[in-house]
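The lines below spell out each chain.
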Amino acid sequence: MEQKIRIFPLHDDEDDFYKFKIEISNHNCSIISEFYGYSDVFNDFSNKLIGFPKSISDKIIFEIGEDSKTWAYHFLFKVLCYEANGNSAIHIKISNNKEFADVENSEFVIKTKPASLNKLGKSLNEWNPYNNKEFIWIAENI
């Protein structure tokens, strides 16, 4: 299984508000989920990824919702260096925040190089869901 992130809009309304489907995988785990957001939902995250890491302790957080039953879902992507040589990872936690019988949680890591994360940032920054119906990034393996 490839380490990748794939995003595509399922539909949009006239206010540039989208329902997105996201597929994320590493070598052993994968998740498919949906979330809502504007076309620029990744702008701040992508801009920070382009210059990552500024130091070995640099950390980038992308979050939608909260880990709380008052939210329909929680998406958390934490980007950080996990080795002194700069090897990096995206720690992914996604939950639908439902009760026991309907719960869907996933947590795993994509390990990659900072240059691959910089490419993710640049590609996400250039992606427009209105013009390009699919975004895909394949992580460079360490």
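Thresholds, definitions, all that
- Residues numbered from 1 in each chain as written.
- Predicted model: local features only at pLDDT ≥ 70, side-chain atom pairs only at ≥ 80, totals over all residues.
- Heavy atoms only, no water.
- Helix = DSSP H or I, 4+ residues; strand = E, 2+ residues; numbered from the N terminus.
- Rg over C-alpha atoms; globule rule 2.2 N^0.38 Å.
- Contact = heavy atoms within 4.5 Å.
- Core = buried A, V, L, I, M, F, W, Y, C linked by side-chain atoms within 4.5 Å.
- Buried < 20%, exposed > 50% of the residue type's maximum accessible area, 1.4 Å probe, protein only.
- Patch = residues over 30% accessible without salt bridge, like charges linked within 9 Å, V, L, I, M, F, W, Y side chains within 5 Å.
- Areas by Shrake-Rupley, 256 points an atom, 1.4 Å probe, with all protein chains shown as cover.
- Salt bridge = Lys/Arg side-chain N within 4 Å of Asp/Glu carboxyl O.
- Lys, Arg positive; Asp, Glu negative; His and termini not counted.
- Charge placed at Lys NZ, Arg CZ, Asp CG, Glu CD.
- Arc of directions from axis to C-beta.

### Considering the overall build of the protein chain
Phase 1: Scanning the protein chain from N- to C-terminus turns up 2 helices and 8 strands.
Phase 2: The secondary structure elements of the protein chain, listed N-terminal to C-terminal, are β-β-β-α-β-β-β-β-α-β.
Phase 3: Relative to its length of 142 residues, the protein chain is compact, with a C-alpha radius of gyration of 15 Å against a globular reference of 14 Å.
Phase 4: With respect to the principal axes defined by its C-alpha atoms, the protein chain has extents near 40 × 40 × 25 Å.
Phase 5: Taking all contacts inside the protein chain whose residues are at least 6 apart in sequence as the whole, residues at least 24 apart take part in 47%.

### Quick word on the nonpolar core
What tends to happen in soluble globular proteins is that the nonpolar side chains get buried as a cluster.
Phase 1: Grouped together as the largest cluster of nonpolar side chains are 32 residues, with contacts concentrated most on Ile 24 and Phe 77.
Phase 2: If we ignore the near neighbours within four places in the chain, the residues touching Ile 24 are Lys 4, Ile 5, Cys 29, Ser 30, Ile 31, Phe 77, Ile 92, Ile 94, Phe 108 and Ile 110.

### Some thoughts on a negative patch on the surface
Phase 1: Taken together, the side chains of Glu 14, Asp 15, Asp 16 and Asp 40 make up a negatively charged region of the molecular surface.
Phase 2: Within the secondary structure, Glu 14 sits in the loop between strand E1 (4-12) and strand E2 (17-25).
Phase 3: A relative accessible area of 84% means that Glu 14 is categorised as exposed.

### Regarding helix H1 (residues 43-50)
Phase 1: For H1, the full list of buried residues reads Phe 45, Ser 46 and Leu 49. Taken down its axis, H1 places every buried residue within 95° of arc, on the same side.
Phase 2: Each element contacted by the buried residues of H1 is listed here: strand E4 (59-65), strand E5 (74-81) and helix H2 (114-126).

### Side note on the pattern of salt bridges
Phase 1: Under the defined criterion, the tally for this structure stands at 5 salt bridges.
Phase 2: Measuring nitrogen to oxygen at the nearest pair gives 2.3 Å for the salt bridge that ties Glu 134 to Arg 6. Here the residue Glu 134 occupies a position in the loop between H2 and strand E8 (135-138), and Arg 6 occupies one in strand E1, the gap between them amounting to 128 residues.
Phase 3: Under the relative-accessibility criterion, Arg 6 is labelled partly exposed at 22%.

### Some remarks on the environment of Glu 104
Phase 1: Relative to the helices and strands, Glu 104 is located in the loop between strand E6 (88-95) and strand E7 (105-112).
Phase 2: Judged by relative accessible area, Glu 104 falls into the exposed class, the value being 55%.
Phase 3: The spatial distance from the C-alpha of Glu 104 to the C-alpha of Phe 20 is 18 Å, given a sequence separation of 84 residues.

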